[in-house]
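Observations on chain architecture
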Amino acid sequence: MKKLKFLKVDSNVLGYLPRTIRSLNLDEMYIDHNPLLCDCNSLWLKHWMLDNILALKRLEDIKCRSFNGIEKFLQVPNEKFTCVKNFANSFLAEILGTLFGIAVMCLLTIAIVFRQSIKVLLYFKLGFHPFDRQSCEDYETIDITFVYSEMYEDFIMKKSKILEKFVVCYTTKHFVPGYSWDTNIRNAVHYSKYVLILLTDDVEANIFNSTFAACEQKFEKRIDFLLGFIKTKRNIDEFKVSKGFKRYFKLHQKLKPDSMLFWENLSYKLASSANRIRKENDIELNQNIEDQLFCESNVRETESNCEAYDAFIYYVDEDQDYSENKLKKKLKKIDNYKIISIDQIHPVSWD
């Protein structure tokens, strides 16, 4: 090739010439009548042609295509030998980039809006629970206490099967006969990490109020300690409950009863407790919840406190007003007795 002296490639469809021709020492060459392109890939050709202009034949017919149309190759200014991205490829790349950005934003938005559901599904599908850890006391061996009416016992039992690996206290199953509602609920609250109350039309207001009063001591540590599940067409304002109960329910109700994942969310919440009881002990704990609610230490404490008094007054909820405000005062006034009542051992603070 180095001995090549004559090159004739005119009247073809060449858009570019190979850079290897720069190594040739030609005496005569014909490159006219080719659809050459005047872009960044051809600027070297212009310089080479100027250096070998004596060997070029038919200069007037050497033309190229530029943005201005067909021009004489050697008359095109150097600054016009530029490359422009392929419009179709550029447009497609921009469209794909835009769509990718939109997809990423949509995924981020979905992740933020449904982050709780995503965490719950991760826990249920993959057993992965790295989030929302909460501390609790060692004596809180009951994961949750359910407060509900007997009419809805089947509903609670059926729905709460998803919580089978947790220690659950049911009012109709574990509350001990012979003790007042206030005593039962206060002990249950004391040993529980959470309390869920089922708000239905058949539950008396004093059940709601006494449950709320018993839970107030836990709100300083866990403001969402008490959970509510409304199973009625009425809203919370239509229930004859204390103002404190209504205010708390409106401000701190985190789990929505109408949510498709309500019970899964509840299970996730219970699993967030830092000192979860070992699973192998759960069955035994579930079978002995009554012993936890009324253990010997509680009984001994009550007995030792009562020894300093002459009389102990026990009454049911509806007799509270008479016993505290009339009977106790009469006994103290007549016989100067030292008297203690059930309300002093387990006081109820009404809002």
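Structure: above.
Notes on the structure follow. Residue indices begin from 1 for each chain and proceed along its sequence in written order. Reporting of local features is limited, given that this is a predicted model, to residues whose pLDDT is at least 70; pairs of side-chain atoms are given and counted only at 80 or more, and all residues count toward the totals for whole chains, interfaces and linings. Remark: hydrogens and water are excluded; side-chain values derive from all non-hydrogen atoms of the structure.

This part takes up unusual backbone geometry. Located in the positive-phi region is serine 11, a residue other than glycine, with phi close to 55°. What counts as a helix is a DSSP run of H or I of at least four residues, what counts as a strand is a run of E of at least two, and both are numbered from the N terminus. Inspection of the secondary structure assignment puts serine 11 in the loop between strand E1 (6–8) and strand E2 (28–30). Phi at arginine 58 takes a positive value of approximately 55°, unusual for a residue other than glycine. Checked against the element boundaries, arginine 58 lands in the loop between helix H1 (43–51) and strand E4 (63–66).

The rule is simple: take the accessible area with a 1.4 Å probe, protein chains only, and divide by the maximum for that residue type; under 20% is buried, over 50% is exposed, in between is partly exposed. The element helix H6 (residues 181–191) is extensively covered by neighbouring structure, given that 10 of its 11 residues are classed as buried. When H6 is considered as a whole, its buried residues turn out to be Trp181, Asp182, Thr183, Asn184, Ile185, Arg186, Asn187, Ala188, Val189 and Tyr191.

Moving on to the side chain of threonine 145. Summarising the element assignment, threonine 145 is placed in strand E6 (residues 142–147). Only 2.6 Å separates the side chain of threonine 145 from the side chain of serine 192, close enough to count as a polar contact. Under the rule applied, a polar contact is a pair of N or O atoms within 3.5 Å (in protein, one hydrogen donor and one hydrogen acceptor; residues adjacent in sequence only if both atoms are side-chain atoms).

A separate point is the state of the cysteines. Note on terminology: disulfide denotes any pair of cysteine sulfur atoms within 2.5 Å. This model, assessed by the stated rule, comprises 1 disulfide. Between the sulfur atoms of cysteine 38 and its disulfide mate cysteine 64 the distance is 1.5 Å. With the S-S bond torsion at -85°, the cross-link from cysteine 38 to cysteine 64 turns out left-handed. One end of the pair, cysteine 38, is in the loop between strand E3 (36–37) and H1; the other, cysteine 64, is in strand E4, and 26 residues separate them in sequence. The buried category is assigned to cysteine 64, whose relative accessible area is 1%.

On the basis of which strands lie adjacent, the open sheet formed by 3 strands has the order E3-E4-E5 and mixed pairing. Either end of the sheet is taken by a strand with one partner, and the two such strands are E3 and strand E5 (69–72). At least two DSSP bridges between two strands are needed for those strands to be called paired. Where E3 and E4 come together, 2 bridges link them in parallel fashion. Within E4, the position partnered with leucine 37 by the bridge is arginine 65.

As a further point, take the pairing of E4. Along a regular strand, successive side chains alternate from one face of the sheet to the other. Of the two faces of E4, only the one carrying Cys64 and Ser66 is buried; Lys63 and Arg65 on the other face are not. Here, the term right-handed applies to a crossover whose path from the first strand over the helix to the second runs clockwise when the strands point away from the viewer. Taken together, E3, H1 and E4 constitute a β-α-β crossover, and its handedness is right-handed. In textbook terms, the turn of a hairpin is the stretch between consecutive antiparallel strands, and for E4 and E5 this stretch comprises 2 residues.

Next up on the list: a nonpolar patch on the surface. There is a patch of nonpolar side chains on the surface, built from Leu92, Ile95, Leu96, Leu99 and Ile102 and spanning about 450 Å² of accessible area. Relative to the assigned elements, isoleucine 95 resides in helix H2 (residues 87–113). In this scheme, patches are assembled from residues that exceed 30% relative accessible area and form no salt bridge. Like charges are connected within 9 Å, while nonpolar side chains (Val, Leu, Ile, Met, Phe, Trp, Tyr) are connected within 5 Å. The accessible surface values rely on the Shrake-Rupley method and a 1.4 Å probe; as for residues, cover is taken only from the protein chains in view. The term salt bridge refers to a side-chain nitrogen of Lys or Arg lying within 4 Å of a carboxyl oxygen of Asp or Glu.

Attention now goes to the pairing of strand E9 (residues 226–230). Where burial is concerned, most of E9 is hidden: 4 out of the 5 residues are buried. With 5 bridges joining them, strand E8 (residues 192–199) and E9 adopt parallel strand pairing. Within E9, the residue paired with leucine 199 across the bridge is isoleucine 230. The parallel pair E8 and E9 is bridged by helix H7 (residues 205–215), and the resulting crossover is right-handed.

For sheets, the rule is that strands pair by backbone hydrogen bonds, running either parallel or antiparallel. Taken in spatial order, the 4 strands of this open sheet run E7-E6-E8-E9, and their pairing is parallel. At either end of the open sheet lies a strand with only one pairing partner, and these are strand E7 (168–170) and E9. Strand-to-strand twist in this sheet, taken as the mean axis angle between neighbours without regard to direction, amounts to 20°. Bridging between E6 and E7 involves 3 bridges; their strand directions are parallel. Note on E7: the bridge partner recorded for isoleucine 144 is valine 168. An axis is simply a line fitted to the C-alpha atoms; with a helix, the fit covers only the stretch in contact. Between two such axes, the angle follows the N-to-C directions and lies from 0 to 180 degrees.

What follows is about the packing of aromatic side chains. Ring pairs are drawn from Phe, Tyr and Trp, using the six-membered ring of Trp, whenever the two centres fall within 6.5 Å, and their geometry is named by plane angle: stacked under 30 degrees, edge-to-face over 60, tilted for the rest. Throughout the structure, instances matching the rule amount to 17 aromatic pairs. Between phenylalanine 208 and phenylalanine 239 the ring centres are 5.7 Å apart and the planes differ by 80°, which places this aromatic pair in the edge-to-face class. With a gap of 31 residues between them, phenylalanine 208 in helix H7 and phenylalanine 239 in the loop between E9 and helix H8 (243–252) connect regions that are remote in the sequence. Considering the side-chain rings of phenylalanine 262 and tryptophan 263, the 5.2 Å spacing of their centres and the 90° angle between planes classify their relative orientation as edge-to-face.

The next subject is the pattern of salt bridges. According to the stated counting rule, one finds 8 salt bridges in the structure shown. Among the salt bridges present, the one from arginine 58 reaches aspartate 32, with a minimum N-O distance of 3.1 Å. With arginine 58 in the loop between H1 and E4 and aspartate 32 in the loop between E2 and E3, the pair connects residues that are 26 residues apart, well separated along the chain. Aspartate 32 gets classed as buried once you look at its relative accessible area, which sits at 0%. Between aspartate 224 and lysine 269 there is a salt bridge whose closest N-O contact spans 2.4 Å. Of this pair, aspartate 224 sits in the loop between H7 and E9 while lysine 269 sits in helix H9 (residues 262–271); the two residues are 45 residues apart in sequence, bridging distant segments of the chain. Exposure class is identical for aspartate 224 and lysine 269. Each is buried. Taken together, the salt bridges that share partners define one network made up of Lys8, Asp10, Asp32 and Arg58.

Right, let's talk about a positive patch on the surface for a bit. For this count, His and the chain ends are skipped, Lys and Arg are scored as positive, and Asp and Glu as negative. Charge coordinates come from a single atom per side chain, which is NZ of Lys, CZ of Arg, CG of Asp or CD of Glu. Taken together, Lys158, Lys159, Lys161 and Lys231 make up a surface patch of like positive charges. Secondary-structure assignment places lysine 159 in helix H4 (residues 153–159).

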